[in-house]
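Notes for the structure review
Here's the letter readout for the chains.
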Amino acid sequence: PRSICSTLRPPALRRLTTDSPPAVTMAETADAQAVRLYVKGVVLGFKRGMRTQYCHTALIKIQGVEDSEDVDFYLGKKIAYIFKAHTEKKGSKYRVVWGKVCRAHGTNGVVKCKFRTNLPPKAIGGPVRVMLYPSRI
């Protein structure tokens, strides 16, 4: 059984400290669970000065990114803010606002992102998905 402390560690540390499963062959992966193709993130707020807030640029904290060197991998990646609306459109109540990672914000792994439409204020503190595409490798 894993301790509660191990679930609070960033994913990179958790991978290094927990027992890794044995190697899986291609035949075994057919029955495996789906793989998550995004990294979780949280909206911290908007770019701002001392008195002015710039709503066209959101600040996002990406899970597992702890310094500005790690941010380089995520530059240009697509971000999705998914929310649930009351009215159904195109057969779904879920809507998506797409954006992309533009640059680092400071040295603690926070990034500046621009979205197609500005994020609503209720998005602050909410989850986003940082997609692992487009690839720059």
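Because the structure is a prediction, the values reported are computed rather than measured. (Residues numbered from 1 in each chain as written. Predicted model: local features only at pLDDT ≥ 70, side-chain atom pairs only at ≥ 80, totals over all residues. Heavy atoms only, no water.)

Remarks on unusual backbone geometry
With an omega of 0 degrees, the peptide bond between Tyr-133 and Pro-134 qualifies as cis. Locating Pro-134 in the fold gives a position in the segment after β6 (127–131). Positive phi, normally seen in glycine, also occurs at Lys-90, with a value near 55 degrees. Mapping Lys-90 onto the fold places it in the loop between β3 (78–89) and β4 (92–105). (Helix = DSSP H or I, 4+ residues; strand = E, 2+ residues; numbered from the N terminus.)

A look at the side chain of Lys-112
Residue placement: Lys-112 occurs in strand β5 (residues 110–115). Buried and unpaired, Lys-112 has no salt bridge, with Asp-72 as the nearest side chain of opposite charge at 14 Å. (Buried < 20%, exposed > 50% of the residue type's maximum accessible area, 1.4 Å probe, protein only. Lys, Arg positive; Asp, Glu negative; His and termini not counted. Salt bridge = Lys/Arg side-chain N within 4 Å of Asp/Glu carboxyl O.)

Considerations on the nonpolar core
Most often, soluble globular proteins have nonpolar side chains that are buried together. If you look at the biggest cluster of nonpolar residues, it comprises 20 residues, and the most contacted ones within it are Ile-60, Ile-62, Ile-79, Phe-115 and Leu-119. Breaking this core down by element, the ones donating at least two residues are β1 (38–48), β2 (53–62), α4 (68–74), β3, β4, β5 and β6. When near neighbours in sequence (up to four residues on either side) are disregarded, Ile-62 contacts Val-39, Lys-40, Gly-41, Tyr-74, Gly-109, Val-111 and Val-130. (Core = buried A, V, L, I, M, F, W, Y, C linked by side-chain atoms within 4.5 Å. Contact = heavy atoms within 4.5 Å.)

Structural notes on the sheet that holds β2
With antiparallel pairing, the six strands of this closed barrel are ordered in space as β1-β2-β5-β4-β3-β6. Taken over all neighbouring pairs, the strand axes of this sheet differ in orientation by 45 degrees on average, direction set aside. Sheet analysis places β3 next to β6, joined by two bridges and oriented antiparallel. Pairing of Ile-79 across the sheet is with Val-130, part of β6. (Pairing = 2+ DSSP bridges. Axes fitted to C-alpha atoms, helices over the stretch in contact; angles between N-to-C directions.)

Brief notes about the environment of Cys-102
The residue Cys-102 is located in strand β4 in this model. Judged by relative accessible area, Cys-102 falls into the partly exposed class, the value being 36%. Taking the C-alpha atoms as reference points, Cys-102 and Thr-57, 45 residues apart in sequence, are found 9.2 Å from one another. Setting aside residues no more than four positions away along its own chain, Cys-102 makes contact with Leu-75, Lys-112, Cys-113 and Lys-114.

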